[in-house]
Amino acid sequence: MSSIYLDHAATTPMVEEALIAMTAQLARIGNPSSLHTHGRATRKALEDAREIIAKEVGCLPSEVIFTASGTEANNTALKGLYWKGRDNGRNVVVISAIEHHAILDPAHWLQEHEGAEVILIPVNAEGVIDLEFLTQLVATRGDEIAVISVMHANNETGVIQPIGKVVEIAGEIPVHTDAVQSFKKIPLSFADLGVYAMSLSAHKIGGPLGIGALILRRTVEIPALLHGGGQEREIRSGTLNAPSIVGFAAAAKSRYYDSAHVKALRDSFIEGIAINVPGAVINGLQSDRLPGIINVTFPGTQSDTLLLLMDGQKISCSTGSACSAGVHEASHVLLAMGRTEATAQSSLRFSFGATSTYADCDYVVSVLPDVITKGRAANFS
Ligand code: PLP
């Protein structure tokens, strides 16, 4: 058996259309800000790409601001909307307790360095944010809130959040959503959602690494993180990475990802686990979830040991949460869902993509019982 990749939520292979488009653009010369023929040709390729992405995400081309990653898009949105709000006497930043570190960490940075008060929206045991909490918060402290940021779908559990409802509750308060995991996996429209800002990343959809986009309402201007040449509405200066942007657009346009197929694979995998590994618990099973992500707790194990045992079987998956100085941390997402430290440290994330197969699933299910037995033995030794 060759190696099996079940970590598509971390990064997914580039689709052929993106590879071809990006390679061709790499061979072309011209800074898109230059006014000569070479520059204008690059600018044209870039603006075509911007239009494609805008169409795929349901926004205007002028609302697409290219960044170097989803992380940068999140930082730009959260810090920019906070600073804008602070100028109007608002210093509260509201985020969900299950955000990716690319929102959690800038929020805490704003608290430590920029005078923000950060309030976390709790989630229920199925990983969905508490709308009642948000309603109360907006009712009592709405005029202090600078920005609300809630992810569109969680990267560890795949649980989809009720962003439409968040926008309704927020009223005039700016809402940002991190849609990095949702884009191209489930229907997503910036205009229909009614958010102020939304983050995307190319390498989660079959595009290249190191390119993302912040979708920001045309009428909203925010302070920049990077100052310089004034590109991208003066919100994100820096020479635009035309080859990666062209690759991003080609991936966004491609129809390679078949949600129904990925979901069927995932469901057969869940069935396999239920039969072969009694006691395993799928986190967020009762919620609406992305087609390609499942998070499973294997009681009595340690995720990092399991990860290495799986790797020994040539299977790449993820613990879902971070490692700090070589020590595996309990998942903040599972802790927020009310799990104990021990439970939050005994889970694995499997994420499927367009290239995943039933044979992959069958193989993983066949080796799991042995891996779990060894994992439990290691934990109790
Ligand atoms: N937000 C979410 C939900 C993610 O899953 C990720 C990547 O794992 C990011 C943001 C960061 O995106 P990037 O890798 O482009 O910085």
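Attention here is on the structure that accompanies the text. All values reported here derive from a predicted model rather than from experimental measurement. (Residues numbered from 1 in each chain as written. Predicted model: local features only at pLDDT ≥ 70, side-chain atom pairs only at ≥ 80, totals over all residues. Heavy atoms only, no water.)

A word on unusual backbone geometry
Step number 1: A positive phi angle is found at glutamate 232, which is not glycine, with a value near 50°.
Step number 2: For glutamate 232, the location among the structural elements is in the loop between strand S8 (212-216) and helix H8 (242-253).
Step number 3: Look at arginine 233: it is not a glycine, yet its phi comes out positive at around 60°.
Step number 4: Structurally, the position occupied by arginine 233 is in the loop between S8 and H8.
Step number 5: Under the relative-accessibility criterion, arginine 233 is labelled partly exposed at 25%. (Helix = DSSP H or I, 4+ residues; strand = E, 2+ residues; numbered from the N terminus. Buried < 20%, exposed > 50% of the residue type's maximum accessible area, 1.4 Å probe, protein only.)

Notes on helix H10 (residues 303-312)
Because an α-helix packs 3.6 residues into every turn, residues spaced three or four apart end up facing the same way.
Step number 1: Listed as buried for H10 are Ser303, Leu306 and Met310. Around the axis of H10, the buried residues are gathered within 60° of arc, so they sit on the same side. Opposite the buried face of H10, by more than 90 degrees, sit the exposed residues Leu308 and Gly312.
Step number 2: Lysine 314 sits one or two positions beyond H10 and adopts a positive phi of about 65°. (Arc of directions from axis to C-beta.)

Re the side chain of lysine 204
Step number 1: Looking at the secondary structure, you find lysine 204 in the loop between strand S7 (197-201) and S8.
Step number 2: For the buried lysine 204, no salt bridge is present, and the opposite-charge side chain at shortest range is aspartate 7, 8.0 Å distant.
Step number 3: Side-chain polar atoms of lysine 204 contact the backbone oxygen of alanine 10, separated by 2.8 Å.
Step number 4: Once residues within four sequence positions are removed from consideration, lysine 204 is found in contact with Ala9, Ala10, Thr12, Val180, Gln181, Lys185 and Tyr256. (Lys, Arg positive; Asp, Glu negative; His and termini not counted. Salt bridge = Lys/Arg side-chain N within 4 Å of Asp/Glu carboxyl O. Polar contact = N/O pair within 3.5 Å; in protein donor to acceptor, adjacent residues only side chain to side chain. Contact = heavy atoms within 4.5 Å.)

Examining H8
Step number 1: Its 12 residues give H8 an end-to-end C-alpha distance of 16 Å, which sits within 8% of 16 Å, the value for a rise of 1.5 Å per residue.
Step number 2: Of all 12 residues that make up H8, 11 are buried, and the element is covered over most of its length.
Step number 3: For H8, the complete set of buried residues consists of Ala242, Pro243, Ser244, Ile245, Val246, Gly247, Phe248, Ala249, Ala250, Ala251 and Ala252.
Step number 4: Of the surrounding elements, those touching the buried residues of H8 are helix H1 (16-26), helix H2 (37-57), strand S2 (64-67), S7 and S8. (Expected span 1.5 Å × (residues − 1).)

Topic: the packing of H2 against H8
Step number 1: It is at 9 Å that the axes of H2 and H8 come closest, and there the two elements cross at 35°. Every pair of crossing elements has a handedness; the one defined by H2 and H8 is left-handed. Counting all contacts with H2, which are made through Thr42, Ala45, Leu46, Ala49, Ile52, Ile53 and Glu56, the residues of H8 involved are Ala242, Ile245, Val246, Phe248, Ala249, Ala252 and Lys253.
Step number 2: Among the residues forming the contact of H2 with H8, the class breakdown is 11 nonpolar, 1 polar and 2 charged. (Axes fitted to C-alpha atoms, helices over the stretch in contact; angles between N-to-C directions. Left-handed = near helix turned anticlockwise from the far one by under 90°. Nonpolar A, V, L, I, M, F, W, Y, C, P; charged D, E, K, R; others polar.)

Topic: the pattern of salt bridges
Step number 1: Tallying each qualifying case throughout the model produces 15 salt bridges.
Step number 2: Put simply, arginine 255 and glutamate 56 hold a salt bridge, and the shortest N to O gap is 3.0 Å. Remark: glutamate 56 occurs in helix H2 and arginine 255 occurs in the loop between H8 and helix H9 (259-276); sequence separation between them is 199 residues.
Step number 3: For arginine 255, a relative accessible area of 60% puts it in the exposed group.
Step number 4: The residue arginine 233 makes a salt bridge to glutamate 221 at a minimum N-O spacing of 3.6 Å. Taken together, the residues arginine 233 in the loop between S8 and H8 and glutamate 221 in the loop between S8 and H8 connect sequence positions 12 residues apart.
Step number 5: Judged by its relative accessible area of 40%, glutamate 221 is partly exposed.
Step number 6: The network of salt bridges with shared partners includes Arg43, Glu47, Arg50 and Glu232.

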